[in-house]
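Topology and contacts: notes
Residue-level listing of the chains:
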Amino acid sequence: MSTAANSQTTSGLASLDDVLQHITTSTNPVTLNHYLKSFAPREVRDVILASTLSSGQDPLSVLDPQRNTLGFLFILSARLHSASAPTPSISIIETFCNQFDPVQARCAPERVTLLAKGIVRVSESSNTMKYALAPLQSLVTRYPPHLSYLTTLHAIFVKTCVATSHFTTALPVLAVPITSVDTTLSDLHYNDNLVYHYSGGMALGALKRWREAEEFFEICVSAPAQVPAAIQLEAYKKLVLVQLIQYGKTSAAPKYTHPALSRILKSTQYNGLLKMYPARVDALRAYVTKEQEVFAQDRNLGLINQAIDRAPVWLIKKLTATYLTLGLADIGREVGIESEEEVRAIILSMIDAQEINGTISADNTVTFADVVPRFSKEELDRILVQAQEHHRALLDVERAVNTSKEYLTKVTKNKDDGGWGIEEDVFPSSMGSDVNWAEA
């Protein structure tokens, strides 16, 4: 590799030694970025970057990750995608991700994306994907000015967390709402937003954080598109199942959701499940068994089984709207559970969770009453703090929009035309219908 790359100097191409000289002497990141993107034809550029110095020395051992961030980034990302160059050690990768200068790195957003994908590629090929999490987490938290800026790193990181079942590792990133998109900061595509929110919904659903999972799936489903992507339909299937678990019924999708998604969902086996839910457990399980192949192929059996387990809860809640008192045996017959002790356990857990208000007497009679909402001071304080944070975030978004050249141009145009309606070209268009989750 070293001989081949360096011998190319005789044909007029720069050697890695020449590149290293530019990296170590340059004081302007923008100029250096232009040089690193153009010092050789594209087909050989990364071959040179992935080689060694004429002395046989590793250039990464010469460069400083913080001072020489841009050069280090180009060489490291090239090497991670090279089939013949030696793979950098995990310590080198982690050191760079922990120490790089974000300002320099932002000059080459496409190389940052390439680096993240290279980290995943190398970890997958060595069957050690979990080792990709720490450097990816450092990248996604250190690279953008704030986590509220959506980047390609968000999707790559959270998708890797899901693939390795390290769901809690994604929580600090998922906890920050996305309020800013800057295509000069990250080489974003339409699919990155979909993959990030779909993966986030999966991570939150695995942790049984249903409200947050619902929000992430809904953002994915309702993203504007000329043609809905396949991942949006998959997110819609998971969204309705999460809603069954959380509410016992589905909610209407936002009005701006592509209408084709609802039509397609109604033509699937999920529609039959939604129509009969909530029902007796035996009836639900019989239907799922009949359509098991479809649900298993979609990898939704886990969510479906959790929805079935919750079905007695929603049937019991319906009974509270009709009856003031009812025996455990009567409740069991209504929901399809023979064991009175099992019914008692479900009712007690519902009372503890404040899903119903009731008491069970010594003769196994359940007396229902209206639920009285109760909030602790800590809960109220937490809600107040969240409201204040959301208020500040919305103000920041409003200021950014009001200073946006594109927005001001659009408003001025509409004002001159005598209309204030929202035009379609304000919204980003879809990448098309051939979006593939596996290729994201």
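Scroll up for the structure.
Now for a look at the structure at hand. (Residues numbered from 1 in each chain as written. Predicted model: local features only at pLDDT ≥ 70, side-chain atom pairs only at ≥ 80, totals over all residues. Heavy atoms only, no water.)

**As for the pairing of strand β4 (residues 357-360)**
- Sheet analysis places β4 next to strand β5 (residues 365-369), joined by 4 bridges and oriented antiparallel. Residue pairing in the sheet places T359 in a bridge with T367 of β5.
- Here β4 folds back onto β5, and the loop between the two strands holds 4 residues, one of which, N364, carries a positive phi near 65°. (Pairing = 2+ DSSP bridges. Helix = DSSP H or I, 4+ residues; strand = E, 2+ residues; numbered from the N terminus.)

**Observations regarding the packing of helix α5 (residues 69-80) against helix α6 (residues 90-99)**
- Their axes nearest at 11 Å, the elements α5 and α6 cross at an angle of 145°. Classified by chirality, the crossing of α6 by α5 is left-handed. Contact with α5, carried on its side by T69, F72, L73, L76 and L80, involves I92, I93 and F96 of α6 and no other residues of that element.
- Considered class by class, the residues forming the contact of α5 with α6 number 7 nonpolar, 1 polar and no charged. (Axes fitted to C-alpha atoms, helices over the stretch in contact; angles between N-to-C directions. Left-handed = near helix turned anticlockwise from the far one by under 90°. Contact = heavy atoms within 4.5 Å. Nonpolar A, V, L, I, M, F, W, Y, C, P; charged D, E, K, R; others polar.)

**Quick look at the packing of aromatic side chains**
- This model, assessed by the stated rule, comprises 6 aromatic pairs.
- Centre to centre, the rings of F72 and F96 are 5.1 Å apart; their planes meet at 10°, and the pair counts as stacked. Of the two residues, F72 is situated in helix α5 and F96 in helix α6; the sequence distance between them amounts to 24 residues. Neither residue differs from the other here; F72 and F96 are each classed as buried.
- Through a chain of ring-to-ring contacts, three or more aromatic side chains come together here, namely F72, F96 and F100. (Phe/Tyr/Trp six-rings, centres within 6.5 Å; stacked < 30°, edge-to-face > 60°. Buried < 20%, exposed > 50% of the residue type's maximum accessible area, 1.4 Å probe, protein only.)

**Observations regarding the sheet that holds strand β3 (residues 325-327)**
- Taking strand neighbours across the sheet as the criterion, the 3 strands line up as β3-β5-β4 in an open arrangement whose pairing is antiparallel. Both outer strands of the open sheet, β3 and β4, are each paired with one neighbouring strand and no more. Adjacent strand axes in the sheet meet at a mean angle of 25°, parallel and antiparallel pairs treated alike.
- Bridge count between β3 and β5: 3 bridges; the pairing is antiparallel. Residue pairing across strands places G327 opposite T365, the latter belonging to β5.
- With respect to the sheet, helix α20 (residues 328-335) is in contact with β3 and β5, its orientation differing from that of β3 by roughly 80°.

**Things to note about the side chain of T151**
- Note that T151 resides in the loop between β1 (149-150) and α10 (152-163).
- By relative accessible area, T151 is classed as buried at 0%.
- Polar contacts involving the side chain of T151 include one to the side chain of H154, which spans 2.9 Å.
- Each residue touching T151, except ones within four places of it in the same chain, is listed here: V140, Y143, P144, L185, S186 and L188. (Polar contact = N/O pair within 3.5 Å; in protein donor to acceptor, adjacent residues only side chain to side chain.)

**Some remarks on helix α12 (residues 190-206)**
- Helix length check: α12, at 17 residues, gives a terminal C-alpha distance of 25 Å against a target of 24 Å (1.5 Å per residue), a fit within 8%.
- Counting buried residues along α12, 15 of its 17 residues qualify, which places the element largely inside the surrounding structure.
- Backbone geometry just after α12 places K208 at a positive phi near 60°. (Expected span 1.5 Å × (residues − 1).)

**Things to note about the nonpolar core**
- I119, L136, L139 and I331 are the most contacted members of the largest nonpolar core, which totals 120 residues.
- In this structure I119 touches L80, I93, C97, A132, P135, L136 and L139, once residues within four positions along its chain are discounted. (Core = buried A, V, L, I, M, F, W, Y, C linked by side-chain atoms within 4.5 Å.)

**Quick notes on the side chain of H154**
- Tracing the backbone through its elements, the reader meets H154 in helix α10.
- Taking relative accessible area as the criterion, H154 reaches 0% and is therefore assigned buried.
- In terms of polar contacts, H154 uses its side chain to reach the backbone carbonyl oxygen of L147, at 3.1 Å.

**Thoughts on the packing of helix α9 (residues 133-142) against α10**
- Where α9 meets α10, the axes come as close as 9 Å, and the angle between the chain directions of the two elements is 150°. Between α9 and α10, the angle falls in the class roughly antiparallel. Considering only the axes of α9 and α10, their crossing is left-handed. Within the contact between the two elements, α9 uses L133, L136, Q137, L139 and V140 and α10 uses L153, H154, I156, F157, T160 and C161.
- Split into classes, the residues belonging to the contact of α9 with α10 amount to 8 nonpolar, 3 polar and no charged. (Parallel < 35°, antiparallel > 145°, perpendicular 65-115°, else oblique.)

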